[in-house]
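Survey of secondary and tertiary structure
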Amino acid sequence: MKRRWIMAAVAALLGSFCLAQTPSTWKLATGYRAESFHTLNIMQFSRDVEQATAGQLLIQVHANNTLAKLNDISQAVQQGKAEAGETIMSSLAKDIAIAGADSVPFVVNSYKDAQRLWKLQRPGIEKHFTERGLKLLYAVPWPPQGLHSSKPVRGLADFKGTQMRTYNQTTLRIAEMLGAKPVDVAMVDVGQALTEGRMDNMITSALTGVENKVWGSIRYYYEINAWFPKNVVFVSSKAFEALRPEVRSTVLKAATDAEVRGWLASQALAMSATQELRKNGIRIERIPADLEQEVKRMGEKFSREWVRSVGNEANNIFVPYYLVQ
Ligand code: PCA
């Protein structure tokens, strides 16, 4: 009798042990290619988590818009179609206005500035995420945004009527201000859109030019350093809270590491990508000084419009940002 009792107790104990050890699996959706540096960083994050939790949490990366399209990823996570996701933060700006802060032109001029801006932007983003049942994990910037063009750009008139590729509200508004025709093209479709003659120019990183091998059509790249947009990686609060506390802290530690690693990678790629464009025959030039002035003035106009439309939350970021400069 006693032996039976002991066996039952052992079985119950083993059972609860196994239950506690059941691994969790997260599907993580991203709109960028598997080979993109952001995705490679996520994959490293996933391996770090798997290793540090001894397989307690597995994060499966679904790249290239396969699980959800880039602009729908936060919704997909909120609706439980994926546990986690990555998107470009400015794609959330319609819902969370301050998510557009890192795409306001000519505010940030270096990675150091971009870090300062992120520190000021982060608490507000976390608050809005929490209200939507999302937990922020980390954010990593794209290299600075420059102007790619199939024709040389000498003055504002050179943009008139051109087909300008856009990827967020900022690029859309800029195309409008320049009198260009905005064409919405996903990052992964840029190469094809160029081949099909659907676009003449775009503002994006040199890296995005390299990843899409734009040199067949793009002949000029102007390093205007317009802004440093960030990708943000997040998980549903529900999925995060379902983890045991020690797994949760392991995930957060791996997220901090991923953020540091991602910023360094972005910085290194900013240099090498521009060289890669040059190697492939693209001319790296400065825009003429008077055009630069006009473009900067447009940036200021955009900033004013942005701060006015967002209100207090924008001031909470930009006032301290400019005060400590
Ligand atoms: N590449 C992405 C966003 C910013 C960037 O550098 C794109 O062009 O869509």
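Whatever comes next refers back to the structure up there.
Summarised in this report is the structure supplied together with it. (Residues numbered from 1 in each chain as written. Predicted model: local features only at pLDDT ≥ 70, side-chain atom pairs only at ≥ 80, totals over all residues. Heavy atoms only, no water.)

What follows is about the overall build of the protein chain. Along its length, the protein chain carries 11 helices and 11 strands. Each principal axis of the C-alpha atoms in the protein chain carries an extent, and together these give about 95 × 45 × 30 Å. The burial tally for the protein chain puts 50% of its 325 residues in the buried class. Put simply, of all contacts in the protein chain between residues at least 6 apart along the chain, 78% involve residues at least 24 apart. Of the accessible surface of the protein chain, which amounts to about 15,700 Å², a share of 55% is contributed by carbon and sulfur atoms. Taking the average place of the 40 positive charges on the side chains of the protein chain and the average place of its 31 negative ones, the gap between the two points comes to 4 Å. (Helix = DSSP H or I, 4+ residues; strand = E, 2+ residues; numbered from the N terminus. Buried < 20%, exposed > 50% of the residue type's maximum accessible area, 1.4 Å probe, protein only. Contact = heavy atoms within 4.5 Å. Areas by Shrake-Rupley, 256 points an atom, 1.4 Å probe, with all protein chains shown as cover. Lys, Arg positive; Asp, Glu negative; His and termini not counted. Charge placed at Lys NZ, Arg CZ, Asp CG, Glu CD.)

Right, let's talk about the site of the ligand for a bit. Around the ligand, the neighbouring residues are Ile 88, Trp 142, Gln 145, Arg 165, Tyr 167, Met 187, Thr 204, Ser 205, Thr 208 and Pro 229. A distance of 2.6 Å separates an oxygen atom of the ligand from a polar side-chain atom of Ser 205. For the shell around the ligand, the per-class residue count stands at five nonpolar, four polar and one charged. (Near = heavy atom within 4 Å. Polar contact = N/O pair within 3.5 Å; in protein donor to acceptor, adjacent residues only side chain to side chain. Nonpolar A, V, L, I, M, F, W, Y, C, P; charged D, E, K, R; others polar.)

Once that is clear, we can look at the sheet that holds strand S9 (residues 220-222). Each strand in a sheet pairs with its neighbour through backbone hydrogen bonds, running either in the same direction (parallel) or in the opposite one (antiparallel). With mixed pairing, the six strands of this open sheet are ordered in space as S7-S6-S8-S5-S9-S11. Here the strands that pair on one side only, and so sit at the sheet edges, are strand S7 (181-184) and strand S11 (283-285). This sheet shows a mean twist of 30° between the axes of neighbouring strands, independent of strand direction. The strands touched by helix H5 (residues 169-178) within the sheet are strand S6 (163-166), S7 and strand S8 (201-205), with S6 carrying the most contacts at an inclination of about 160°. Running at roughly 130° to S11, helix H9 (residues 245-279) makes contact with strand S5 (145-149), S9 and S11 of the sheet. (Pairing = 2+ DSSP bridges. Axes fitted to C-alpha atoms, helices over the stretch in contact; angles between N-to-C directions.)

The next thing to look at is a nonpolar patch on the surface. Taken together, the side chains of Val 319, Leu 323 and Val 324 define a hydrophobic patch exposed on the protein surface, amounting to about 320 Å² of accessible area. Mapping Val 324 onto the fold places it in the segment after helix H11 (312-323). (Patch = residues over 30% accessible without salt bridge, like charges linked within 9 Å, V, L, I, M, F, W, Y side chains within 5 Å. Salt bridge = Lys/Arg side-chain N within 4 Å of Asp/Glu carboxyl O.)

In this structure the tally under the stated criterion is nine aromatic pairs. An angle of 65° between the planes, with centres 5.0 Å apart, marks the rings of Tyr 32 and Trp 142 as edge-to-face. Remark: Trp 142 occurs in the loop between strand S4 (134-141) and S5 and Tyr 32 occurs in the loop between strand S1 (24-30) and helix H2 (37-52); sequence separation between them is 110 residues. Through successive ring pairs, a cluster of aromatic residues spans Trp 306, Phe 318, Tyr 321 and Tyr 322. Directly above the aromatic system of Phe 106 lies the positively charged group of Lys 296, at a separation of 5.2 Å from the ring centroid. (Phe/Tyr/Trp six-rings, centres within 6.5 Å; stacked < 30°, edge-to-face > 60°. Lys NZ or Arg CZ within 6 Å of the ring centre and 35° of its normal.)

Moving on, we come to the layout of surface pockets. If you add up the space inside the largest pocket, you get close to 370 Å³. Lining the largest pocket are 20 residues, and of these Asn 71, Ser 90, Ser 91, Lys 94 and Gln 169 sit closest to its centre. Among the secondary structure elements, those contributing two or more residues to the lining of the largest pocket are helix H3 (73-78) and H5. Considered class by class, the residues forming the lining of the largest pocket number seven nonpolar, nine polar and four charged. (1 Å grid on protein atoms, 1.4 Å probe; cavity = no way out; pocket = protein on both sides within 12 Å on 5 of 7 lines; lining within 4 Å. Points joined across faces, edges and corners; volume = space filled by probe spheres on them.)

Glancing now at the side chain of Thr 274. Along the polypeptide, Thr 274 turns up in helix H9. A relative accessible area of 8% means that Thr 274 is categorised as buried. Not counting chain neighbours up to four residues away, the residues in contact with Thr 274 comprise Ala 206, Tyr 221, Glu 223 and Ile 284.

Helix packing geometry: the angle between the two helix axes and the distance between the axes. Two numbers describe how H2 lies on H9: the axes approach to 9 Å, and their chain directions differ by 150°. In terms of their interaxial angle, H2 and H9 are classed as roughly antiparallel. Pair H2 / H9 crosses with right-handed handedness. Contact with H2, carried on its side by Phe 37, Asn 41, Gln 44, Phe 45, Asp 48, Val 49 and Ala 52, involves Thr 250, Val 251, Ala 254, Ala 255, Ala 258, Arg 261, Gly 262, Ala 265, Ser 266 and Leu 269 of H9 and no other residues of that element. Taken together, the residues that form the contact of H2 with H9 break down as 10 nonpolar, five polar and two charged. (Parallel < 35°, antiparallel > 145°, perpendicular 65-115°, else oblique. Left-handed = near helix turned anticlockwise from the far one by under 90°.)

Moving on: empty space enclosed by the protein. A complete count under the given rule lists two cavities of 30 Å³ or more for this structure. One number sums up the size of the largest cavity: a volume of about 160 Å³. Lining the largest cavity are 17 residues, and of these Ile 174, Leu 178, Ile 203, Ile 224 and Val 295 sit closest to its centre. Of all the secondary structure elements, the ones that give two or more residues to the lining of the largest cavity are H5 and helix H10 (289-310). Every residue along the wall of the second largest cavity is listed here: Ala 101, Asp 102, Val 104, Val 107, Val 108, Leu 117, Trp 227 and Phe 228. Looking at the lining of the second largest cavity residue by residue, the classes come out as seven nonpolar, no polar and one charged.

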